[in-house]
Amino acid sequence: MEHDDDRFFSGASRGDYLDALTAHAGLGSVVALEGDSGSGVSTLLGHTVMALLGDMEIVRIDGAAEHNALPDKLRETLADSRILVVVDNSEDLLDEAIATMAALKQKLGARLGYLFGGLPGTVEKLKGADLALDDVLDLPSLVADDIQDFAWFVLGLELDEAQAERLRHDSDGNIARLIELLSNGEVGAPGDDV
């Protein structure tokens, strides 16, 4: 079975989340998107960046990587335009980096927006560093209906309700785990119970 791990799945409200993130970015908002590991937070952030290319300057940061150059990058970019900073793995950001981001937001207002994506607990970390959030989005796990839609629209597989429920159970509603199960052919026979 061939598939693209980065292919966007708009079901399970993922399309609504994409719309919300792009709208917030246009307003220069500060937004946090949380989800369990493998739930699609990084993919959703990536699709948000793609949707906004050409509309504003975008800086992508991995919270787990070195990010000492952020203030210089922002100064260079803000000379001419608005900027959106997209931070993946935000739970790994240093408190000093968050404090710098908060200070820059206070000075630049709507010219600077942030989209933070990370594991549960990211919101508390950001608030603990006194960064004011305009919105918090929690990315839900997939339910059996979402899994049927995902299998059909993304991978071209037709699942019955029992197969979808078994996969929901085995994947805990996690897209990354679901793709792994489907790739390994662990669909189960039609009508199999969990």
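Everything numeric in this text was worked out from a predicted model, so none of it was measured. (Residues numbered from 1 in each chain as written. Predicted model: local features only at pLDDT ≥ 70, side-chain atom pairs only at ≥ 80, totals over all residues. Heavy atoms only, no water.)

(A) Here's a closer look at the overall build of the protein chain. When helices and strands are tallied, the protein chain shows eight helices and five strands. Residues classed as buried in the protein chain amount to 44% of the 194 residues present. Contacts in the protein chain between residues far apart in sequence, at least 24 positions, make up 77% of those at least 6 positions apart. Entry remark: accessible area of the protein chain is about 9700 Å², with carbon and sulfur atoms responsible for 47%. (Helix = DSSP H or I, 4+ residues; strand = E, 2+ residues; numbered from the N terminus. Buried < 20%, exposed > 50% of the residue type's maximum accessible area, 1.4 Å probe, protein only. Contact = heavy atoms within 4.5 Å. Areas by Shrake-Rupley, 256 points an atom, 1.4 Å probe, with all protein chains shown as cover.)

(B) Here's a closer look at helix H8 (residues 175–183). Turning to H8, its buried residues number three or more, namely Ile175, Leu178, Ile179, Leu181 and Leu182. The arc that holds the buried residues of H8, viewed along the axis, is 165°, so those residues lie on one side. By the N-cap criterion, in which a side-chain oxygen at the helix start approaches the backbone nitrogen of a residue two or three places on, H8 is capped by Asn174, the distance to Ala176 being 3.0 Å. Looking one or two residues beyond H8, the residue adopting positive phi is Gly185, at roughly 75°. (Arc of directions from axis to C-beta. Polar contact = N/O pair within 3.5 Å; in protein donor to acceptor, adjacent residues only side chain to side chain.)

(C) Spatial organisation of the packing of helix H6 (residues 144–155) against helix H7 (residues 161–171). Running from N to C, H6 and H7 cross one another at 105°; their axes reach a closest spacing of 8 Å. Here H6 is positioned roughly perpendicular relative to H7, judged by the angle of their axes. Counted together, Ala144, Ile147 and Gln148 of H6 and Glu161, Ala164, Glu165, Leu167, Arg168 and Ser171 of H7 form the full contact between these two elements. (Axes fitted to C-alpha atoms, helices over the stretch in contact; angles between N-to-C directions. Parallel < 35°, antiparallel > 145°, perpendicular 65-115°, else oblique.)

(D) Molecular detail of the pairing of strand S4 (residues 112–118). For S4, a buried count of seven out of seven residues is recorded, marking the element as mostly surrounded by other parts of the structure. Covered by surrounding structure in S4 are Leu112, Tyr114, Phe116 and Gly118 together with Gly113, Leu115 and Gly117, the residues of both alternating faces. Here five bridges tie strand S1 (residues 30–34) to S4, and the two strands are oriented parallel to one another. Residue pairing for S4: Ala32 is matched across the bridge by Phe116. For strand S3 (residues 83–88) and S4, the ladder comprises five bridges, and the chain directions are parallel. What sits directly across from Leu84, in S4, is Gly113. Regarding the hand of the β-α-β motif, the stretch spanning S3, helix H4 (residues 95–108) and S4 is right-handed. (Pairing = 2+ DSSP bridges. Right-handed = clockwise from strand over helix to strand, strands pointing away.)

(E) Local environment of the nonpolar core. Val85, Val87, Leu93, Met101, Tyr114, Phe116 and Leu131 are the most contacted members of the largest nonpolar core, which totals 20 residues. Per-element accounting of this core gives the leading share, five residues, to H4. Counting 17 residues, the second-largest nonpolar core is a separate cluster that includes Leu21, Ala25, Val31 and Leu139. (Core = buried A, V, L, I, M, F, W, Y, C linked by side-chain atoms within 4.5 Å.)

(F) Unusual backbone geometry, seen in detail. Not every positive phi belongs to a glycine, and Asn89 is a case in point at roughly 55°. Within the secondary structure, Asn89 is located in the loop between S3 and H4. On the basis of relative accessible area, Asn89 is assigned to the partly exposed category, the value being 25%.

(G) How the structure looks around the sheet that holds S1. Here we have five strands laid out as an open sheet, ordered S2-S3-S4-S1-S5, and parallel in their pairing. Pairing within the sheet leaves two strands with one partner each, and these edge strands are strand S2 (57–62) and strand S5 (135–138). Pairs of neighbouring strands in the sheet enclose a mean axial angle of 15°, with direction left out of account. This element, helix H1 (residues 14–27), spans S1, S3, S4 and S5 of the sheet and lies at about 160° to S5.

(H) Representation of the confidence of the model for the protein chain in the model. On average, residues of the protein chain carry a pLDDT of 84, and 84% of them reach 70 or more. When mean pLDDT is compared element by element in the protein chain, S1 scores highest at 96, while helix H3 (residues 70–78) scores lowest at 63. Low pLDDT, under 50, characterises residues 1–6; the stretch is placed with ten contacts to residues that sit more than four places away or in other chains. (pLDDT = per-residue confidence, 0-100.)

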